[in-house]
Amino acid sequence: MTKQNHPAPPPEAFKSAMRGLVGACSLITVGQGEAANGLVVTTGISLSADPPMILACVNRASSCWPLLARERVFGWQALGAAHQPVAERFSGKGGLQGAARYAGADWVTTDTGVRLLADAPLAFACAVEDLIDRGTHSIVIGRVLQITTRPDSGALLYWDGQYRVLTN
Ligand SMILES: Cc1cc2nc3c(=O)[nH]c(=O)nc-3n(C[C@H](O)[C@H](O)[C@H](O)COP(=O)(O)O)c2cc1C
């Protein structure tokens, strides 16, 4: 007999367990000028190569969510070994909100109007292909419009509640 309807473990147990999973830090950037916002995620991954698509899971209670759902284009970039300060800003550390999170880093605005981190190991301009709501989050599927890469930038990871760095 299967037990699909077994009661769910408490969210705290899930969050605590997930500390044991290595996360690759990436950044979602949305909007322009003073209206810009963004957030750091560890849920950004490749979905498909043909056509090129990525996905990330975004909390619908985050300050970035309404803008992302409205704009329909966004930047997605992996964070490199030097990017812990960027990650901290885009997680809202110290109460930083919106466009203030972009200070202290270099950005390139693509002709799709998306702002990308200039020295990211990889950066994609994306169009929203689909938004799939599940629980507190929405699975954001991005169709890749433009690609830039910068090899040898290392990687920024998050594991056991702390940032870690990977380099060649
Ligand atoms: C390492 C790390 C990974 C995160 N991953 C996600 C994620 O995958 N999805 C998400 O919605 N929020 C994630 N967050 C939280 C957001 O970056 C941000 O802190 C949260 O949305 C609150 O931001 P707000 O002030 O814009 O609402 C992560 C935060 C950290 C520090």
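Because the structure is a prediction, the values reported are computed rather than measured. (Residues numbered from 1 in each chain as written. Predicted model: local features only at pLDDT ≥ 70, side-chain atom pairs only at ≥ 80, totals over all residues. Heavy atoms only, no water.)

### Comments concerning the overall build of the chain
In terms of regular secondary structure, the chain is built from 3 helices and 12 strands. What you see for the chain is a C-alpha radius of gyration of 16 Å, in line with the 15 Å of a compact globule of 168 residues. For the chain, the spread of C-alpha atoms along the three principal axes comes to 55 × 35 × 30 Å. Considering the chain as a whole, with its 168 residues, one finds that 38% of them fall into the buried category. Long-range pairs, those at least 24 residues apart, make up 65% of the contacts in the chain with a sequence separation of at least 6. Accessible area for the chain stands at about 9,600 Å²; split by element, carbon and sulfur atoms hold 55% of it. Across the chain, the mean location of the 14 positive side-chain charges is 8 Å away from that of the 13 negative side-chain charges. (Helix = DSSP H or I, 4+ residues; strand = E, 2+ residues; numbered from the N terminus. Rg over C-alpha atoms; globule rule 2.2 N^0.38 Å. Buried < 20%, exposed > 50% of the residue type's maximum accessible area, 1.4 Å probe, protein only. Contact = heavy atoms within 4.5 Å. Areas by Shrake-Rupley, 256 points an atom, 1.4 Å probe, with all protein chains shown as cover. Lys, Arg positive; Asp, Glu negative; His and termini not counted. Charge placed at Lys NZ, Arg CZ, Asp CG, Glu CD.)

### Some thoughts on the site of the ligand
Val40, Thr43, Cys57, Asn59 and Ser63 are the nearest of the 17 residues found near the ligand. Side-chain polar atom of threonine 43 to an oxygen atom of the ligand: 2.7 Å apart, as the coordinates give it. Interatomic distance of 2.4 Å between a side-chain N/O atom of serine 63 and an oxygen atom of the ligand. Here the ligand, which alone exposes 630 Å², has 77% of that area covered by the protein. Placement of the ligand is best described as lying within the largest pocket. Of all the secondary-structure elements, those providing two or more residues to the shell around the ligand are β3 (37-41) and β5 (52-59). Considering only residue class, the shell around the ligand consists of 8 nonpolar, 8 polar and 1 charged. (Near = heavy atom within 4 Å. Polar contact = N/O pair within 3.5 Å; in protein donor to acceptor, adjacent residues only side chain to side chain. 1 Å grid on protein atoms, 1.4 Å probe; cavity = no way out; pocket = protein on both sides within 12 Å on 5 of 7 lines; lining within 4 Å. Sits in = over half its atoms within 2 Å of the grid points. Nonpolar A, V, L, I, M, F, W, Y, C, P; charged D, E, K, R; others polar.)

Honestly, it's all geometry; don't read function into it.
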